[in-house]
Every structure is written in C-alpha cells, then in structure tokens.
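Okay, here's what each chain looks like letter by letter:
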Amino acid sequence: MLRFTDEHEWLRLDGDTATIGITAHAAEQLGDLVFVELPKVGATLTKGEAAAVVESVKAASDVYAPLSGTVTEVNEAAVSDPSSVGGDPQGSGWLYRLKLDDPADMDALMDEAAYADFAK
C-alpha cells in the first residue's frame, strides 16, 4: 500500500512498518540534494514533528513524520550519497522505516490518484 502526505512524503506499508521518503515531486522541486540528515534508530516520532532534513543547493527542508511510531532503520546510502534520494526518491532513495503505532492511520493519507491531483 502506497500513501502520500500533503507535506510531499510517501509511505509504503509492509506489515506494521512503513518505509518513508520524499516524493518525486518534492525531489524535483528541491533540485540537486547535497545533504541528508536522518532520525536515529530507536527514536520515537510523533505525527507532524520534524523527523529528517534534506538540503539542496536551493533550500533546506524538513521531512515530517507522517505518522507516529518508532524508527527501525535508516537509509545510510542516502546520507553518504544525497543525490541518490533525488535520483530515485520513491525507490532506493527512501529515508527511514517507521514501526507504526497504529497502521490503520495509513487509511487517512492520500492514495496515488489523490496525491497526483494535489501536487498539480
């Protein structure tokens, strides 16, 4: 299941854990990424709080926790090569994985069609 937020994050659910990253639209708007800062494994995130930072030559942007949960893994490749996030933002450029407090909360997020309409 792939879902999107109005802050331009995507989530892919696998069991009760979501893989999270920025959308292709966000990556295109940011341009070439030069820095990525990710949350610590084990950190507890609350929906809406800043969880990560992506910085391009244009601007630095917070990446917000789309749902509440605990960070189980981070994509170290995104930190060592920030351009990988922009190159494949909804694939190998994922940022972190979050064990969700309530996976049913995913239902409140946008599906692909709704996000495509929103991002126009």
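The sections below set out a description of the structure shown in this document. (Residues numbered from 1 in each chain as written. Predicted model: local features only at pLDDT ≥ 70, side-chain atom pairs only at ≥ 80, totals over all residues. Heavy atoms only, no water.)

**A word on the packing of aromatic side chains**
In this description, a pair of aromatic rings is defined by centroid distance and the angle of the planes. Tallied over the entire structure, the rule returns 2 aromatic pairs. Ring geometry for Phe4 and Tyr115: centres 4.7 Å apart, planes at 15 degrees, overall stacked. One end of the pair, Phe4, is in strand E1 (residues 2–4); the other, Tyr115, is in helix H4 (residues 112–118), and 111 residues separate them in sequence. On the basis of relative accessibility, which here comes to 6%, the residue Tyr115 falls in the buried class. Feature note: the residues Phe4, Tyr115 and Phe118 constitute an aromatic cluster, connected by ring pairs. (Phe/Tyr/Trp six-rings, centres within 6.5 Å; stacked < 30°, edge-to-face > 60°. Helix = DSSP H or I, 4+ residues; strand = E, 2+ residues; numbered from the N terminus. Buried < 20%, exposed > 50% of the residue type's maximum accessible area, 1.4 Å probe, protein only.)

**With respect to the sheet that holds strand E7 (residues 60–64)**
Backbone-to-backbone hydrogen bonds join strands into a sheet, with any given pair of strands oriented parallel or antiparallel. Taken in spatial order, the 3 strands make up an open sheet running E4-E6-E7, and their pairing is antiparallel. A single partner strand is all that each edge strand has here, and the edge strands are strand E4 (33–37) and E7. If you compare each strand with its neighbour and ignore which way they point, the axes differ by 20 degrees on average. Inspection of the sheet shows strand E6 (residues 50–56) paired to E7 by 5 bridges, in the antiparallel sense. Residue pairing for E7: Ala50 is matched across the bridge by Tyr64. (Pairing = 2+ DSSP bridges. Axes fitted to C-alpha atoms, helices over the stretch in contact; angles between N-to-C directions.)

**Remarks on the pattern of salt bridges**
This model, assessed by the stated rule, comprises 3 salt bridges. Its salt-bridge partner being Asp16, residue Lys99 comes within 3.0 Å of it at the nearest N-O pair. Here the residue Lys99 occupies a position in strand E9 (residues 96–100), and Asp16 occupies one in the loop between strand E2 (9–14) and strand E3 (17–22), the gap between them amounting to 83 residues. The partner of Arg97 in a salt bridge is Glu73, with the nearest N and O atoms 2.8 Å apart. Of this pair, Arg97 sits in strand E9 while Glu73 is found in strand E8 (residues 69–74), placing the two residues 24 residues apart along the sequence. By relative accessible area, which is 34% here, Glu73 ends up partly exposed. (Salt bridge = Lys/Arg side-chain N within 4 Å of Asp/Glu carboxyl O.)

**Re the nonpolar core**
By size, the foremost hydrophobic cluster in this structure holds 28 residues, and its most contacted members are Ile22, Leu95 and Tyr96. Secondary-structure elements contributing two or more residues to this core are E2, E3, helix H1 (24–30), E4, E6, E8 and E9. The residues contacting Ile22, other than those within four sequence positions of it, are His8, Glu9, Trp10, Ala27, Leu30, Leu33, Val63, Val85, Pro89, Gln90 and Leu95. Counting residues in each nonpolar core, the second largest holds 6 residues, with Phe4, Trp10, Trp94 and Met110 among its members. (Core = buried A, V, L, I, M, F, W, Y, C linked by side-chain atoms within 4.5 Å. Contact = heavy atoms within 4.5 Å.)

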